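So the chains spell out like this:
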Amino acid sequence: MHSSRFATTLYQEEVLKMGTATVMMCFTLKKETFDSEEAHALYHTIPGICFHGNAELQTVCDCGEKGDKMITATSDDGSHIVIHLYHFAYLTVDITFVVDDAKYLKPLSEPYHLEFIKELERSVSEHLNDFVEDCKSLCCPIRRAPGITWTYGYTGDERLLETDYEEILYETQSKWQNIKIARSREFGNVLLLDDDIMLGESDLIYTETLLGIGKNDFKNKHILILGGGDGGVLHELLKQSPANILMAEIDEEVVIACDKYLKKVCGDTMKKREGTNYKIKICDCVQELKDTLESGRKYDYIINDLTEFSVDKNQYGFSYQFETSCVILELSMKVLQPGGKYLARGNCLSARNYIKRFEKDVRALGLEFTRTDLHVPSFKETYCLYEVRNQINTDG
């Protein structure tokens, strides 16, 4: 029994060491010659160019009804190649190399680095010679392994990006969402909720711009923060001598994680849930807005620091349904003092549909807004932040 457990442990350790590096290349072929017998003979021998060991041809077959062809091959170590010839004179070559040690999957590590891929592209291009019109490659491999940190994300308009996360310092699945704290070489520790970047230790500019530090006067003001579980907004506001701040955050696990791992963002502000002029309340912020409206209390500032897309009612059990951003906006306007301000995170500039919808919602209420666009370091994107002044009837 002990022997079996030992063998299992060794197997698990071995699995965690291994991984794959996928190289993707594509070639625009000359239309007049791409489907010739000579060209096809060369396509079949591409695996021998790409693998150092033996390349064993596995399949050569037709794909679909338009004349596309597919070739697959494997090497001795289990690496494999898929070559796809398209009827519009286009050739894609996708090679997945099996890597025995995941340390070779780190950026700049050999052998699957930029120069290796460029040389591979040159070799295939020279092999195809006169049949090639142009070639392109993804010059960094797609790295996948059970023992390495997942570093891929996407922009607001669904373009692939790669982060420099070296490890996941913390991860948990709360009642509401997946919570991660990743360590970035460039941006410090970064908070991700459901794999969406929320804030990095490099991103003070985001918090200061959201609050309009130097432009807005928070001294002796009553402030409500919606969300804000990373503590950054609360931490910066407390430096402005407000009368009182209530932070309404639904997920206590986010507060716990950020208090421990995002010190450059929140300092020691969230060590205690309540101080002389602030309180962190674990609650549904929409219900808090409704209770505030019923009580007749008013705020000078409401800061919407919620995630862009609220968690789904059916999946996570919210007692209300978000139709648009207007739900929170309308409630906020009703509990703001006349002339009070609603400060809100929007979304990345690339998320054009989201931005159009929010701005349409604001205009539908007859409100005016100012928008500030800034580059947020850890997002690797330009982000939109909004300021809306209360101009509507606040009697109910």
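The shown structure was predicted, so the numbers you read here are calculated from the model rather than taken from an experiment.

Quick notes on the rules
Residues numbered from 1 in each chain as written. Predicted model: local features only at pLDDT ≥ 70, side-chain atom pairs only at ≥ 80, totals over all residues. Heavy atoms only, no water. Buried < 20%, exposed > 50% of the residue type's maximum accessible area, 1.4 Å probe, protein only. Helix = DSSP H or I, 4+ residues; strand = E, 2+ residues; numbered from the N terminus. Pairing = 2+ DSSP bridges. Salt bridge = Lys/Arg side-chain N within 4 Å of Asp/Glu carboxyl O. Polar contact = N/O pair within 3.5 Å; in protein donor to acceptor, adjacent residues only side chain to side chain. Contact = heavy atoms within 4.5 Å. Phe/Tyr/Trp six-rings, centres within 6.5 Å; stacked < 30°, edge-to-face > 60°.

### Digging into the pairing of strand β19 (residues 381-389)
1) Next: Taken across its nine residues, β19 has seven buried, putting it largely inside the fold.
2) Next: In terms of strand pairing, strand β17 (residues 336-348) meets β19 through six bridges, oriented antiparallel. Bridge pairing links Arg 345 to Leu 385 in β19.
3) Next: Alignment of strand β18 (residues 369-376) against β19, held across eight bridges, turns out to be antiparallel. Bridging across to β19, Thr 370 finds its partner in Glu 387.

### Describing the pattern of salt bridges
1) Next: Evaluation of the coordinates by the stated rule reveals 22 salt bridges.
2) Next: The salt bridge partner of Arg 185 is Glu 166, with a shortest N-O separation of 3.6 Å. Taken together, the residues Arg 185 in the loop between β10 (178-184) and β11 (188-193) and Glu 166 in strand β9 (residues 165-173) connect sequence positions 19 residues apart.
3) Next: The partner of Glu 167 in a salt bridge is Arg 183, and the shortest N-O contact between them spans 2.9 Å. Within this pair, whereas Glu 167 is found in strand β9, its partner Arg 183 is found in strand β10, the two being separated by 16 residues in sequence.

### Overview of the side chain of Lys 180
1) Next: Assignment of secondary structure puts Lys 180 in strand β10.
2) Next: Here Lys 180 falls in the buried class, since its relative accessible area comes to 13%.
3) Next: A distance of 3.5 Å separates the side chain of Lys 180 from the side chain of Glu 171, its partner in a polar contact.
4) Next: Within polar-contact distance, the side chain of Lys 180 engages the side chain of Asn 178 at 2.8 Å.
5) Next: Here Lys 180 is in contact with Ile 168, Tyr 170, Glu 171, Val 190, Leu 191, Leu 192 and Asp 195, once residues within four sequence places are set aside.

### Examining the packing of aromatic side chains
1) Next: With the rule as written, the count across this model stands at 14 aromatic pairs.
2) Next: Between Tyr 86 and Phe 88 the ring centres are 5.2 Å apart and the planes differ by 20°, which places this aromatic pair in the stacked class.
3) Next: Assessed through its relative accessible area of 21%, Tyr 86 is described here as partly exposed.
4) Next: Residue Phe 88 is classed as partly exposed on the basis of its relative accessible area of 45%.

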